[in-house]
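# Results of the structural survey
What follows is the residue order along each chain.
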Amino acid sequence: MCIRDSPYVVDPYVMTVNPGWGGYYPNFLWGDLGGGTGFGPGGTGQFAGVNFHLGRGFTLGGMLTRNDFNGLSIAKLDPGVLVYTGGGDLTLVSLTSLVPNVVPLNNNLELMGAYKTGNTSIGLGVAYASTTAEATPSAGGTSSASASQIGVNAGIVTKLSGNFMLDLGASLLLPSATFEPATGSATEFSQTYILANARFFYNYSAKLAFVPTIIFVTSSGTADIGGATTTSTDLTSMTLIAFGVGINYEVGDFLLAGGPSFATTSLTIPENTGQWPELSQSVLSFPMWNLGAEWNMNEWFVARLGYVASTHKATADIEESGTEAGEFITTLFGPSGATVGVGFRLGNFSLDATVNEGVLRQGLNNIGGGGPTFAYLSASLSMPVSYTHLTLPTKRI
């Protein structure tokens, strides 16, 4: 698995969905170098973040993310593909990929702050990105296009007692896109995403902790399609609910973390009169296994192993005419498989990587080869500060 893909451990990445964790990472630089299939700059998923300790329990930080950010939070741009970029599944996103002449969003700026007092830290984050395009031909008549997204999130991390800790976050994303032609009415698309996530850490003993988790995501939107007249319609709506129960089992320098989870996802594609009726799609996912192990082999090297596997039951309405639809049900699998990771510790600097398994399988054949050794890289630097931290399972899978 990727370093932060386990929902049952504490990792700086969780600041993206709960800014309250900023109170536990003061004077901290972090980011992803990303992944790729070849050599050169610009790996997929790169971002940079920083969090400064201001004193009196306050921290202030920020993140710079691109449109290929891995994860769903206010750092994620245009999750519903309002602005068509050549990717995405047109069947699922329906009309949300048809806004013309709009520059896709990129280079998202997120600011976040936290206040920690005692065993409680609360945080607030805000993110914004926008693009514009305007054309004025010599013959006159100006057309313009714009896209924007504002995101707000808040969270709390609090130690309820000696053995109980609550991690609770909520996010709101508001992407939109508009095209105003030289003549006729404008085309406007907008969506609303609401996310909530909670984890509960229960330290059963010095070695074992139980970690139940819950995630809720819902989205909806509207479209006003302009021209000589304006046609209004709803966009595809989505709801996801996921539950999981995992453990952290730590003995000396070894940590085992993982467990099963359950998720249900539903999509509703609104009716397009004369083209298709209202269509529904749903996916029931169980079990979804997320397992990982980490071993601090010495002061500067960490070895990791991970395994994920999932089973899904998908149900979908299949359009047969403008007014009728059939139903299709099937079992699906994946993603699944084992991963290998390594971590390097040089003082307060950390470099973590997911290893390309093909490199391990090739063995001596790698000598003189040109394949990438690492599939994904993350880095962080923790600067010393006089601060009190929670006693939590902090190793990263």
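Along each chain, numbering runs from 1 in the same order as the chain's sequence is written. At least 70 in pLDDT is required for a residue's local features to be given in this predicted model, at least 80 for side-chain atom pairs to be given and counted, and no such filter applies to totals for whole chains, interfaces and linings, which use all residues. As a convention, hydrogens and water are excluded, and side-chain values are obtained from all of the structure's heavy atoms.

## A look at the pattern of salt bridges
- We count a salt bridge whenever a side-chain nitrogen from Lys or Arg sits within 4 Å of a carboxyl oxygen from Asp or Glu. Throughout the structure, instances matching the rule amount to five salt bridges.
- The residue R304 makes a salt bridge to E294 at a minimum N-O spacing of 2.8 Å. Residue R304 is located in strand β14 (residues 301-319), and its partner E294 is located in strand β13 (residues 279-296); the two are separated by ten residues in the primary sequence.
- Working definition: with a 1.4 Å probe on protein chains only, accessible area under 20% of the residue-type maximum means buried, over 50% means exposed, and in between means partly exposed. Its relative accessible area of 4% is what places R304 among the buried residues.
- Of the charged contacts, one joins R345 and D352 as a salt bridge, the two residues approaching to 3.1 Å between their closest N and O atoms. Going along the chain from the N terminus, every DSSP run of H or I of four or more residues is numbered as a helix, and every run of E of two or more is numbered as a strand.

## Things to note about unusual backbone geometry
- Residue P287 is bonded to the preceding F286 through a cis peptide linkage, with omega at -5 degrees.
- Inspection of the secondary structure assignment puts P287 in strand β13.
- With omega at 0 degrees, the peptide bond leading from G334 into P335 counts as cis.
- Inspection of the secondary structure puts P335 in the loop between β15 (325-333) and β16 (337-346).
- For N27, which is not glycine, the phi dihedral falls at a positive 50 degrees.
- Structurally, N27 can be placed in the segment before β1 (28-34).
- Of the residues examined, N27 reaches a relative accessible area of 16% and is grouped as buried.
- For D78, which is not glycine, the phi dihedral falls at a positive 45 degrees.

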